Amino acid sequence: MRADVESLNAEIKQSLELLRRHLDWDVATVRLEELNARVEDPSLWNDPAGAQKIMRERTRLDDAIGAYRRLEAELADTLELAEMAEGEGDETMVDDAVANLRRLRDEAGEAEVKALLSGEADGNDSYLEVNAGAGGTEAQDWAEMMLRMYTRWAERRGYKVELIEDSPGEQAGLKSATILIKGLNAYGWMKTESGVHRLVRISPFDSNARRQTSFASVWVYPVVDDTIEIEILDKDLRVDTYRASGAGGQHVNKTDSAIRITHIPTGIVVACQSDRSQHKNRSQAMQMLKARLYERELAIREAAAKATEDTKTAIGWGHQIRSYVLQPYQMVKDLRTGVETSDTQGVLNGDLDRYMAAALAARVEGGAGVEVSDLD
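Residues numbered from 1 in each chain as written. Predicted model: local features only at pLDDT ≥ 70, side-chain atom pairs only at ≥ 80, totals over all residues. Heavy atoms only, no water.

Participant: Quick question: what am I supposed to make of the pairing of strand β9 (residues 320–325) here?
Facilitator: Each regular strand shows side chains that alternate between the opposite faces of the sheet. The buried fraction of β9 is high, at six of six residues. Sheet topology note: the strand β4 (residues 195–202)/β9 ladder contains five bridges and is parallel. Bridging from a neighbouring strand, H197 pairs with R322 of β9. The turn joining β9 and strand β10 (residues 331–334), which pair antiparallel and follow one another in sequence, is formed by five residues. (Buried < 20%, exposed > 50% of the residue type's maximum accessible area, 1.4 Å probe, protein only. Helix = DSSP H or I, 4+ residues; strand = E, 2+ residues; numbered from the N terminus. Pairing = 2+ DSSP bridges.)

Participant: Hey, could you run me through the layout of surface pockets in this one?
Facilitator: In this approach the atoms are scanned with a rolling probe the size of a water molecule, which exposes any empty space left behind. Of the pockets and cavities examined, the second largest pocket occupies roughly 170 Å³. Taken together, 13 residues make up the lining of the second largest pocket; nearest its centre are E129, N131, E165, T178 and V269. Contributions of two or more residues to the lining of the second largest pocket are made by β1 (126–132), β3 (174–182), β8 (268–272) and α8 (278–301). Counting contributing residues per domain, the lining of the second largest pocket is built from domain 2 (126–225 + 319–365) and domain 3 (234–308), each supplying no fewer than three. (1 Å grid on protein atoms, 1.4 Å probe; cavity = no way out; pocket = protein on both sides within 12 Å on 5 of 7 lines; lining within 4 Å. Points joined across faces, edges and corners; volume = space filled by probe spheres on them. Domains from an automatic or database assignment.)

Participant: Before we go on, may I ask you to explain unusual backbone geometry in this structure?
Facilitator: Trans peptide bonds make up the majority, and among non-glycine residues the majority have a negative phi. Following Q327, the chain continues to P328 via a peptide bond in cis, the omega torsion being 10 degrees. Mapping P328 onto the fold places it in the loop between β9 and β10. Backbone geometry places D24, a non-glycine residue, at a positive phi of 55 degrees. The residue D24 is located in the loop between α1 (3–23) and α2 (25–39) in this model. The phi angle at N185 is positive, at roughly 70 degrees, despite the residue not being glycine. Residue position: N185 is located in the loop between β3 and α6 (186–190). For N185, a relative accessible area of 14% corresponds to the buried category.

Participant: In this structure, what is going on with the pairing of β1? I would like to understand it.
Facilitator: Counting buried positions along β1 gives six out of seven residues, so the element sits mostly inside the fold. Here β1 runs beside strand β5 (residues 211–222); their pairing, made up of seven bridges, is antiparallel. For E129, the partnering residue across the bridge sits in β5 and is W219.

Participant: Sorry, what's going on with the packing of aromatic side chains here?
Facilitator: The description of an aromatic ring pair rests on the distance of the ring centres and on the angle between the ring planes. Enumeration according to the criterion identifies four aromatic pairs in this entry. Here the aromatic rings of W142 and Y324 are separated by 5.0 Å at their centres, their planes lie at 65 degrees, and the arrangement is edge-to-face. Of the two residues, W142 is situated in helix α5 (residues 137–156) and Y324 in strand β9; the sequence distance between them amounts to 182 residues. The class for Y324 is buried, based on a relative accessible area of 0%. Across the ring face of Y242, the terminal group of R260 is positioned such that the distance to the ring centre comes to 4.3 Å. The positively charged end of R292 is found above the aromatic ring belonging to Y221, 5.1 Å away from the centroid. (Phe/Tyr/Trp six-rings, centres within 6.5 Å; stacked < 30°, edge-to-face > 60°. Lys NZ or Arg CZ within 6 Å of the ring centre and 35° of its normal.)

Participant: Just checking my understanding: could you explain the sheet that holds strand β7 (residues 258–263) for this structure?
Facilitator: Strands in a sheet are paired, the pairing made by backbone hydrogen bonds, and the direction either parallel or antiparallel. Ordered by their spatial adjacency, three strands build an open sheet running β6-β7-β8, and the pairing between neighbours is antiparallel. Edge positions in the sheet fall to β6 (237–242) and β8, since each of these pairs with one other strand and no more. Across this sheet, the average inter-strand angle for adjacent strands is 15 degrees, counted without regard to direction. (Axes fitted to C-alpha atoms, helices over the stretch in contact; angles between N-to-C directions.)

Participant: It is not clear to me how helix α3 (residues 48–88) should be interpreted in this structure. Could you clarify?
Facilitator: Since the α-helix packs 3.6 residues into each turn, any two residues three or four apart lie on the same face. The terminal C-alpha atoms of α3 lie 59 Å apart, and with 41 residues this matches the ideal 60 Å at 1.5 Å per residue to within 8%. G89 sits one or two residues past α3 and shows a positive phi near 70 degrees. (Expected span 1.5 Å × (residues − 1).)

Participant: Sorry if this is basic, but what is going on with the side chain of T344 here?
Facilitator: Summarising the element assignment, T344 is placed in helix α10 (residues 344–348). What makes T344 buried here is its relative accessible area of 2%. Each residue touching T344, except ones within four places of it in the same chain, is listed here: V325, L326, Q330, M331 and V332. (Contact = heavy atoms within 4.5 Å.)

Participant: Sorry, what's going on with the packing of α2 against α3 here?
Facilitator: Axis angle and axis distance: for two packed helices, these are the angle between their axes and the distance between the axes, and together they describe the pair. Packing of α2 against α3 brings their axes to within 9 Å, and their N-to-C directions diverge by 130 degrees. Judged by the angle between their axes, α2 and α3 are oblique. In the crossing of α2 with α3, the sense of the turn from one axis to the other is left-handed. Side by side, α2 and α3 meet where W25, A28, T29, R31, L32, L35, N36, R38 and V39 of the first sit next to I54, M55, E57, R58, L61, D62, I65, Y68 and R69 of the second. Across the contact of α2 with α3, the residue classes break down as ten nonpolar, two polar and six charged. (Parallel < 35°, antiparallel > 145°, perpendicular 65-115°, else oblique. Left-handed = near helix turned anticlockwise from the far one by under 90°. Nonpolar A, V, L, I, M, F, W, Y, C, P; charged D, E, K, R; others polar.)

Participant: Would you take a moment to explain the nonpolar core for this structure?
Facilitator: Soluble globular proteins tend to pack their nonpolar side chains together in the buried interior. Of all hydrophobic cores here, the largest spans 43 residues; its most connected members are M146, Y150 and Y324. Looking at this core, the element that brings in the most residues is α5, giving nine residues. Counting contributing residues, this core receives three or more from each of domain 1 (3–117) and domain 2 (126–225 + 319–365). Among residues more than four places away in sequence, those in contact with Y150 are L128, M190, E193, H197, V218, R322, L352 and M356. In this structure, I12, L16, L19 and W25 belong to the second largest nonpolar core, which totals 31 residues. (Core = buried A, V, L, I, M, F, W, Y, C linked by side-chain atoms within 4.5 Å.)

Structure follows, in structure tokens:
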């Protein structure tokens, strides 16, 4: 059999094996049978919220198991076709088989990653915060570059991006910014991006063209829906109003429409200045606070494996998850998974899927995942 056929066959089988392992195949197939039986019970919809939860789980398992079985069957058929074509010396048919195997390889990879997005919050929209580390203009410029990178990534996937709040740097860049990314599995994809990101480059702000190291942190948390109970007491809140600092029109900048809410027991602070209406900004900020408190609970549950809060202790050496080196060579390397590429411009333009997929796989294999359903 031709080498490219054998190589593609090996890649597809590896992805299918990982997909089977991520699903915990025997448990998943039994669970799908249970869910199919539940769906046929007319009393299911007596509890609409519970019914929707069951339907979401059933759809996810049915899609994943169906994809595995379809890919396995198509792989067997294609290999049989390739072997027959080689026996007959039909190179055109062999080429067709190779093209089909490449398609199956890509689909198997996509199915494997999709199986990793199994947490109930994974399908939700996501907030993303970027904060510049110490270093003034250098770090603030890096924070703005990162915000652009994640915006480009979201646009590549067809997600919508809304700017919630930003704090411009004194000379250039951003001190901090928060965006809302809307799209299916936005949080599931992005949840492993929280941490410190390190940039090494020749400084555009240094007249001596010296190499500089800059840090910025990313914090990701899901938008939570009304089915998740998060108790927030008015006595635990401090609400401040202020004038929006970013560009937003004459009205925005001359009225105290921006809102900052501090949750006193936890010290969590959220801010919103995206709307001219103070009422709408307050509503958005409360949604962000609810999401932050929910994410905090997830982080506490994961503390035994690796406390997520540890990534925010310092924006600097020893805490970074990824390095972006532009000088003296070109490389972006994830320090958790070892995934790297020399296509630095591609990464800075939003080509991040390889890093996210590897981190998701490592998270599952390391046992760090926590399901929403595990929470009280």
